[in-house]
Amino acid sequence: MDERRLGVVSGLAAYSLWGLFPLYFPLLEPAGGVEIVAHRVVWSLLFVALLLTAVRRWGHVRAAVVDRRTMLVLAGASLLIAANWLIFVYGVNSEHVVETSLGYFINPLVSVLLGVVVFGERLRRLQWVAVAIAGIAVAVLTVDYGRPPWIALGLAASFGLYGLMKKLVRVEAAPGLFLETAVMTLPALALLAFLHADGAGTFGSAGTGHTLLLVSSGIATAVPLLLFAAAARRIPLSTIGLLQYVTPLMQLSVGVFVYGEPMPPARLAGFAIVWVALAVFTADTLRHARAGTRRSLPEVVPAGL
């Protein structure tokens, strides 16, 4: 298998696994969202530590630790990804899977807006058109829901800001994930201790299967991220940009066809407008990628699931 094909397969595997998360997280009940996120932090740290030992990458961790700026940025990134995880788990386990998928549909457009606001990047005309169309979609969905789609907006904003923080440092996927989870580990352990002292913790008290599923959350968190990193090294960002839509499409399908969440005409219209915005954005991106102007493309980062 050549490098490009391996990259596409790795990318598809990563985004497909993220797309299946709405089926996975309900299996972790009766654990609540906060407990699930705390376990993701602790078990991800242990799993990635074993991986770093196996591939002998601790030198990358040490290099990042001694750089104060890198650690400050990663600390900020860890708070944002924790917020993203918590919002996603809440959305899935409260039967708002369709709305979570919307968050990852609009995330690329949020990312380019952050590029304008923070880095002073200039958008092309069609990119502005795509952002404006997405704004119309959010307005339509606000009318449909009777409220702003807070779960979707929270996911898109938290992950967009996470991607922005990751753009400020250059740390490989596994060392970066280790340090981000390391920052959150002590608070996560303290939270788990509090939950168990209060009788609200489920680890070890809801059966062996439940305990193993909570432990598996570390693997479920790390494996797609590492597959994404393998893809990013082998294929162009424009290809990754297309592959990333696999995740919200799968999540939308799970929400509608597996969990039977409603999709009334107004909501469907809102999603259709989002898809039009993404079609405009993607067409513009691919046209400029073919023209060899890839430096103007927004950086694609892995999903904050």
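- Looking up the protein chain in an unreviewed UniProt entry gives the name Chloramphenicol-sensitive protein RarD, with the organism given as Blastococcus aggregatus.
- The annotation that UniProt attaches to the protein chain under Subcellular location (unreviewed entry) is "Cell membrane".
- Per UniProt, the protein chain has the following entry under Sequence similarities (unreviewed entry): "Belongs to the EamA transporter family."

A look at the pattern of salt bridges
Pairs can form between side chains of opposite charge once their charged atoms are near each other.
No. 1: Under the definition given, this model contains 7 salt bridges.
No. 2: Its salt-bridge partner being R57, residue E172 comes within 3.8 Å of it at the nearest N-O pair. Of the two residues, E172 is situated in the loop between helix 8 (150-167) and helix 9 (173-197) and R57 in the loop between helix 3 (33-55) and helix 4 (58-65); the sequence distance between them amounts to 115 residues.
No. 3: In this structure, the salt-bridge partner of D284 is R287, at a minimum N-O distance of 3.5 Å. Of this pair, D284 and R287 both sit in helix 13 (residues 265-290), 3 residues apart, which is roughly one turn of the helix.
No. 4: You can call D284 buried: its relative accessible area is 1%.
No. 5: One network of salt bridges, in which partners are shared, links R124, D284 and R287.

So, the side chain of E99
No. 1: Note that E99 resides in helix 6 (residues 97-119).
No. 2: With residues up to four places along the chain from it excluded, the contact list for E99 reads Y145, R147, P149, W150, I151 and A152.

The rules behind the values
Residues numbered from 1 in each chain as written. Predicted model: local features only at pLDDT ≥ 70, side-chain atom pairs only at ≥ 80, totals over all residues. Heavy atoms only, no water. UniProt positions renumbered as here; feature names shortened; annotations may be inferred. Salt bridge = Lys/Arg side-chain N within 4 Å of Asp/Glu carboxyl O. Helix = DSSP H or I, 4+ residues; strand = E, 2+ residues; numbered from the N terminus. Buried < 20%, exposed > 50% of the residue type's maximum accessible area, 1.4 Å probe, protein only. Contact = heavy atoms within 4.5 Å.

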